[in-house]
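Structural characterization, general
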Amino acid sequence: DSSTSRGLGDVYKRQIIISIICNLHSGGLNMKWSDKIKELRNKLFITQAELGEMLGTSFSTVNRWEQDLHEPTMKMKRKLSDLFKKNDIDMEGLK
């Protein structure tokens, strides 16, 4: 089935995303997810509720991320990473 097969480009993109996420977990860099999420929202001029809707989560979850009370799950980090890239937000320095 061609709808479930992945091209080499898709595999490469997935490897890059996994590499980025692994680097984010290395802890050797300075920027926090909470700061980047706020930066993303400010750049897009959206509320926490609107970002939550875009990601399929709640306003309160986004609020907890921004308050640095919780960190996004791996699934949410992938979604956020896509939004960062689409909006030219540098992921360098995230931990």
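Residues numbered from 1 in each chain as written. Predicted model: local features only at pLDDT ≥ 70, side-chain atom pairs only at ≥ 80, totals over all residues. Heavy atoms only, no water.

Now for the confidence of the model for the chain. Overall, the predicted model of the chain reaches an average pLDDT of 79, with 69% of residues at or above 70. Mean pLDDT across the secondary structure elements of the chain bottoms out at helix 1 (residues 8–25), with 66, and peaks at helix 4 (residues 59–66), with 96. (pLDDT = per-residue confidence, 0-100. Helix = DSSP H or I, 4+ residues; strand = E, 2+ residues; numbered from the N terminus.)

With 13 residues, helix 5 (residues 74–86) should reach 18 Å at 1.5 Å per residue; the first-to-last C-alpha distance of 18 Å fits that figure. When we look at burial in helix 5, the residues that qualify are Met76, Lys77, Leu80, Ser81, Leu83 and Phe84. Seen end-on, helix 5 carries its buried residues on one side only, within an arc spanning 165°. In helix 5, the exposed positions that point more than 90 degrees away from the buried face belong to Lys75 and Lys86. (Expected span 1.5 Å × (residues − 1). Buried < 20%, exposed > 50% of the residue type's maximum accessible area, 1.4 Å probe, protein only. Arc of directions from axis to C-beta.)

Ile37, Leu40, Leu51, Leu55, Trp65, Leu80 and Phe84 are the most contacted members of the largest nonpolar core, which totals 14 residues. Of the residues forming this core, the biggest block, four residues, is contributed by helix 5. Not counting chain neighbours up to four residues away, the residues in contact with Leu55 comprise Trp65, Met76, Lys79, Leu80 and Leu83. (Core = buried A, V, L, I, M, F, W, Y, C linked by side-chain atoms within 4.5 Å. Contact = heavy atoms within 4.5 Å.)

Our next topic: the environment of Ser60. As for its placement among the helices and strands, Ser60 is situated in helix 4. You can call Ser60 partly exposed: its relative accessible area is 27%. Once the C-alpha coordinates of Ser60 and Gln48 are considered, the two residues, 12 residues apart in sequence, prove to be 8.0 Å apart.

Let us look at the packing of helix 3 (residues 48–55) against helix 5. The interhelical angle for the contact between helix 3 and helix 5, taken along N-to-C directions, is 110°, at an axis separation of 10 Å. The angle between the axes of helix 3 and helix 5 places the two elements in the roughly perpendicular class. Across from Leu51, Met54 and Leu55 in helix 3, the residues of helix 5 making contact are Met76, Lys79, Leu80 and Leu83. Taken together, the residues of the contact of helix 3 with helix 5 break down into six nonpolar, no polar and one charged. (Axes fitted to C-alpha atoms, helices over the stretch in contact; angles between N-to-C directions. Parallel < 35°, antiparallel > 145°, perpendicular 65-115°, else oblique. Nonpolar A, V, L, I, M, F, W, Y, C, P; charged D, E, K, R; others polar.)

Turning to unusual backbone geometry, a few remarks are in order. A positive phi angle is found at Phe45, which is not glycine, with a value near 55°. Tracing the sequence through the fold places Phe45 in the loop between helix 2 (33–44) and helix 3. Its identity as a non-glycine residue notwithstanding, Asp68 has a phi of 60°, on the positive side. Inspection of the secondary structure puts Asp68 in the loop between helix 4 and helix 5.

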